[in-house]
Amino acid sequence: LLKGVQRDPNSAAAFYNLGIAYKRQGQKAMAISAYREAIRLQPRLAEAYQNLGNVYLDSGNVQQALAQFKRALEIKPDFDRAKRGLEKAEEARRLQSQETFNPFGRLVGASGTQRIKLDEVQGGMSAEERHDDRDQLRTIMHALRTASQDLRSHVYDQLIPALDEVQGLVAKGRQSSVSFNDAHAELREATRKLAKLRRQLKARVLKLRAHEELLGGPDK
């Protein structure tokens, strides 16, 4: 599937199936990114909204889950799986609204039976989950920074010199020379690599965005 989306980055079906594969692997952030790309390419793909809603619901992001299920039903009003997902999301929202913090530093459900230490749910995550999240974010940011630096270096070290060489030969009137053909080939190769680096950078940005959305938005 990864090779498929590299060869055809405009295939909504490929990104949709990639989202399914990531979800089954438990890679929720990557599944979100894939489903969102499928939706960008095919905005009326109701199944992508429905599956995206399921990922958000599994991640505890109820508001986003509700929005995705509702969008799926706007496109396909008789979509049973989206209807069931919406019912689950509404029930999850109802349960969340019943939870209140008591003065003793614990989260207490409306029934009084569910008690969780406050320090384990701060920000919606346990201490171990926060530690894992920081590690994931550090990895994502490192990859994003590397992709950005690679793109910048390529532009200044290869693309601009290749462009300058072609322009210089054109200005000298040597369009038909062998040297011009060689320079033009280098420019084509530099342009091809630029497109590849841009795709890599975009993938890192999408992964960061998906990570933020998984936690309920950048403010979390």
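Residues numbered from 1 in each chain as written. Predicted model: local features only at pLDDT ≥ 70, side-chain atom pairs only at ≥ 80, totals over all residues. Heavy atoms only, no water.

Caption draft 1: Structural context of the overall build of the protein. Broken down by element type, the protein carries nine helices and three strands. N-terminal to C-terminal, the α/β element order of the protein is α-α-α-α-α-α-β-β-β-α-α-α. Counting across all 220 residues of the protein, residues that qualify as buried make up 34%. With the model as given, the accessible surface of the protein reaches about 14,000 Å², and the carbon-plus-sulfur share is 50%. (Helix = DSSP H or I, 4+ residues; strand = E, 2+ residues; numbered from the N terminus. Buried < 20%, exposed > 50% of the residue type's maximum accessible area, 1.4 Å probe, protein only. Areas by Shrake-Rupley, 256 points an atom, 1.4 Å probe, with all protein chains shown as cover.)

Caption draft 2: The packing of helix H2 (residues 12–25) against helix H3 (residues 28–41), seen in detail. Contact geometry for H2 and H3: axes closest at 8 Å, N-to-C directions at 160 degrees. Looking at the two axes, H2 sits roughly antiparallel to H3. You can see that H2 and H3 cross each other, and the crossing is left-handed. For the pair H2 and H3, contact is made by Ala12, Phe15, Tyr16, Leu18, Gly19, Ile20, Tyr22 and Lys23 and by Met30, Ala31, Ala34, Tyr35, Glu37, Ala38 and Leu41, respectively. Looking at side-chain class alone, the contact of H2 with H3 contains 12 nonpolar, one polar and two charged residues. (Axes fitted to C-alpha atoms, helices over the stretch in contact; angles between N-to-C directions. Parallel < 35°, antiparallel > 145°, perpendicular 65-115°, else oblique. Left-handed = near helix turned anticlockwise from the far one by under 90°. Contact = heavy atoms within 4.5 Å. Nonpolar A, V, L, I, M, F, W, Y, C, P; charged D, E, K, R; others polar.)

Remember, this is a structural readout, not a statement about activity or role.
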